[in-house]
Structure formats: structure tokens, C-alpha cells
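Remarks on the overall topology
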Amino acid sequence: MEAMPCQNQRLGPRPQDEEPATTATGGGGGSRLIRFAEPSEDSGCPSPDSSSSSSNGVAAAAVTPIPAGIGPQLKLLPMNDQLRELQTIIRDKKSSRGDFVFSADRLIRLVVEEGLNQLPYTECTVTTPTGHKYEGVRFEKGNCGVSIMRSGEAMEQGLRDCCRSIRIGKILIQSDEETQRAKVYYAKFPPDIYRRKVLLMYPILSTGNTVIEAVKVLVEHGVQPSVIILLSLFSTPHGPVLWLLVRAK
């Protein structure tokens, strides 16, 4: 099972004498690359399966281990002292409103940036002000965000801070008073969302029913499930299992 990079692992481009990064050729002829940290022998992180698609993942900040049977789609931010402090402030009933909002925004930003890291990109070469060539990357165009109202709207600013001009849609889902089942009351998306990769924002994943309904609406609008990336801060152990199983059908 694939895991996110562990703390103190080396990131970045591989040396010339090592195997190249996993690539997949898109329809536009460009080379799509997927970044992976290189696991060390004692890091406890298994080597990624090159046949898996990282653009299908769930980026989440969590403490609990990955439940068995989820597969490589689930990505967890590596737990470190910074994340633990942020979660401590958020969970502390004595925290002031200002401290809570500040810490939550920082945590949201970290999750959003990891979600963006799952998107495909192409290699490019740019010229620096000193005239030197730099081998870099550019993310492919055609991404958008969708927030599940109302809690998901708290993650919108974090996404805009990373992507200034990104389009953001909204879905309002509430429990029906009679059946107690999740029901879609409102949905507004970019008109060409069926051609975009979607970052679905929902901070707390409990049963997964709300997210499942949101994914169904996106699929009805022509979005392929394989390009939906769920961004969440906290989750119960069975929440990701349920949503990934339904999404795979």
C-alpha cells in the first residue's frame, strides 16, 4: 500500500544514475510525471506502486493508521510536531477563536498544497535573470475546486491562496428531515467542469454519505471519478473506506 513521504525523507529530483520518475503519456503528447518520495530502508514507508494513479487520492491530516483495504488512493500527511501542535490547538476547548481560526487555516493550507501535489504536471525549461537554464515543472491547466457547503467553504481561501485564478463551484447537501438521508439542495459548477480535475473540499469526513452524494452530482455533470481529489482535515476510520469503495464502482 502506498504511503505519503515519511518525515526526514529526501524529496526532489532523482540523481542521474537512478531510475527516472514514473511517467504517463497524456493525449496532448506531453509527459505527465508523478512525484514520489524515495523510501529509505528504515523509514517504514513502502515503495509506491508505479501502476497506481496518484491523482485519485484523498489528502488528509490524520493521526490514526490507514485502515486495511483502502488501497493507494488515500494519502495522509506525515505526522510531525507542527501538525500535532495545530491539531492540539484546534481540539483544545480553551483555545480562543483567533487561535482556532489561525491554526485551522494553516492546517487547511497544508492539506490543499498536498492535494495540488497530486495533480499532473509537465517538465519545462526556463531562463533565470542571470541567463542560466532551469529544468522545472508546470502544472497542467484545467483544475477547479468544489466546496461542500457550508463547512467546505472554509477551505476555499486556502485554495485561492495557492491558485489565485482557480474556479470554485459549490454543493449544498443536507439530511432530509423525513428519511434522514443526504439530499442535494443546490449545486453550481463551472460550465466546463466535465473537462476539469476537481479538488473536492470537505474538512470532516464522518460516514462519507455527504461526500458520496457530492461525487454522484459531479459524475452526473460529466466529471470522471478518477479526476476527483477529496481534501479533508479529519476523518473517521471507515469514512474513506466507504467513499472510495463507492467511487470505484
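Further up the page is the structure itself.
These numbers come from a predicted model, not from an experiment.

**What about the overall build of the chain?**
When helices and strands are counted, the chain shows 5 helices and 13 strands. Relative to its full complement of 249 residues, the chain shows a buried share of 41%. Within the chain, residue pairs in contact and separated by at least 24 positions form 61% of the contacts whose partners lie at least 6 positions apart. Total accessible area on the chain stands at roughly 14500 Å², and carbon and sulfur atoms take up 50% of it.

**Quick word on the pattern of salt bridges**
Enumeration over the complete set of coordinates arrives at 7 salt bridges. The partner of Arg160 in a salt bridge is Glu156, with the nearest N and O atoms 3.5 Å apart. Placement of both Arg160 and Glu156 in helix H3 (residues 156-162) is noted, with a separation of 4 residues, approximately one turn of the helix. Under the relative-accessibility criterion, Glu156 is labelled buried at 8%. What emerges from the salt-bridge pattern is a single network uniting Glu153, Glu156, Arg160 and Lys170.

**Re the nonpolar core**
Most often, soluble globular proteins have nonpolar side chains that are buried together. Counting residues in hydrophobic clusters, the biggest one holds 21 residues, and the most contacted among them are Leu107, Leu159, Leu231 and Leu233. Of all the secondary-structure elements, those providing two or more residues to this core are helix H1 (81-91), helix H2 (97-116), strand E10 (197-201) and strand E12 (228-232). Formed by 19 residues, the second largest nonpolar core is a distinct cluster that contains Cys144, Ile148, Ile193 and Leu200.

**Overview of the layout of surface pockets**
Its volume calculated, the second largest pocket comes out at about 410 Å³. As for the second largest pocket, its lining consists of 13 residues, of which Phe139, Glu140, Lys141, Asn143 and Cys163 are closest to the centre. Of the residues that constitute the lining of the second largest pocket, the class distribution is 5 nonpolar, 3 polar and 5 charged.

**With respect to H1**
Every α-helix carries 3.6 residues per turn, so stepping three or four residues along brings you back to the same face. By the burial criterion, the buried members of H1 are Leu83, Leu86, Gln87 and Ile90. Looking straight down H1, one finds that the buried residues subtend no more than 95 degrees of arc, so they occupy a single side.

**Looking at the environment of Ile204**
Assignment of secondary structure puts Ile204 in strand E11 (residues 204-205). For the pair Ile204 and Thr236, spaced 32 residues apart in the sequence, the C-alpha separation amounts to 8.5 Å. Beyond its immediate sequence surroundings of up to four residues, Ile204 is in contact with Ser232 and Phe234.

**Describing helix H4 (residues 209-220)**
Over its 12 residues, H4 runs 17 Å from end to end, which matches the ideal 16 Å to within 8%, given 1.5 Å per residue. Along H4, the residues classified as buried are Thr210, Val211, Ile212, Glu213, Ala214, Val215, Val217 and Leu218.

**What to know about the packing of aromatic side chains**
In total, this model carries 1 aromatic pair according to the counting rule given. Taken together, a centroid distance of 6.0 Å and an interplanar angle of 70 degrees make the contact between Tyr121 and Phe139 edge-to-face. Taken together, the residues span a long stretch of sequence, with Tyr121 in strand E5 (residues 121-127) and Phe139 in strand E6 (residues 133-139) at a distance of 18 residues. By relative accessible area, Tyr121 is classed as buried at 5%. The partly exposed category is assigned to Phe139, whose relative accessible area is 39%.

**What about the pairing of E12?**
For E12, the buried fraction is high: 5 of the 5 residues fall into the buried class. Residues Ile228, Leu230 and Ser232 point to one face of E12 and Ile229 and Leu231 to the other, with burial holding for every one of them. Pairing of E10 with E12 involves 4 bridges; the strand directions are parallel. Looking at E12, one finds that Val198 is bridged to Ile228.

**Some points on the side chain of Glu156**
Engagement of the side chain of Glu156 in a polar contact is seen with the side chain of Ser147, the distance being 2.6 Å. If near-sequence neighbours (up to four positions away) are discounted, Glu156 is found in contact with Ser147, Ile168, Lys170 and Met201.

What counts and what doesn't
Residues numbered from 1 in each chain as written. Predicted model: local features only at pLDDT ≥ 70, side-chain atom pairs only at ≥ 80, totals over all residues. Heavy atoms only, no water. Helix = DSSP H or I, 4+ residues; strand = E, 2+ residues; numbered from the N terminus. Buried < 20%, exposed > 50% of the residue type's maximum accessible area, 1.4 Å probe, protein only. Contact = heavy atoms within 4.5 Å. Areas by Shrake-Rupley, 256 points an atom, 1.4 Å probe, with all protein chains shown as cover. Salt bridge = Lys/Arg side-chain N within 4 Å of Asp/Glu carboxyl O. Core = buried A, V, L, I, M, F, W, Y, C linked by side-chain atoms within 4.5 Å. 1 Å grid on protein atoms, 1.4 Å probe; cavity = no way out; pocket = protein on both sides within 12 Å on 5 of 7 lines; lining within 4 Å. Points joined across faces, edges and corners; volume = space filled by probe spheres on them. Nonpolar A, V, L, I, M, F, W, Y, C, P; charged D, E, K, R; others polar. Arc of directions from axis to C-beta. Expected span 1.5 Å × (residues − 1). Phe/Tyr/Trp six-rings, centres within 6.5 Å; stacked < 30°, edge-to-face > 60°. Pairing = 2+ DSSP bridges. Polar contact = N/O pair within 3.5 Å; in protein donor to acceptor, adjacent residues only side chain to side chain.

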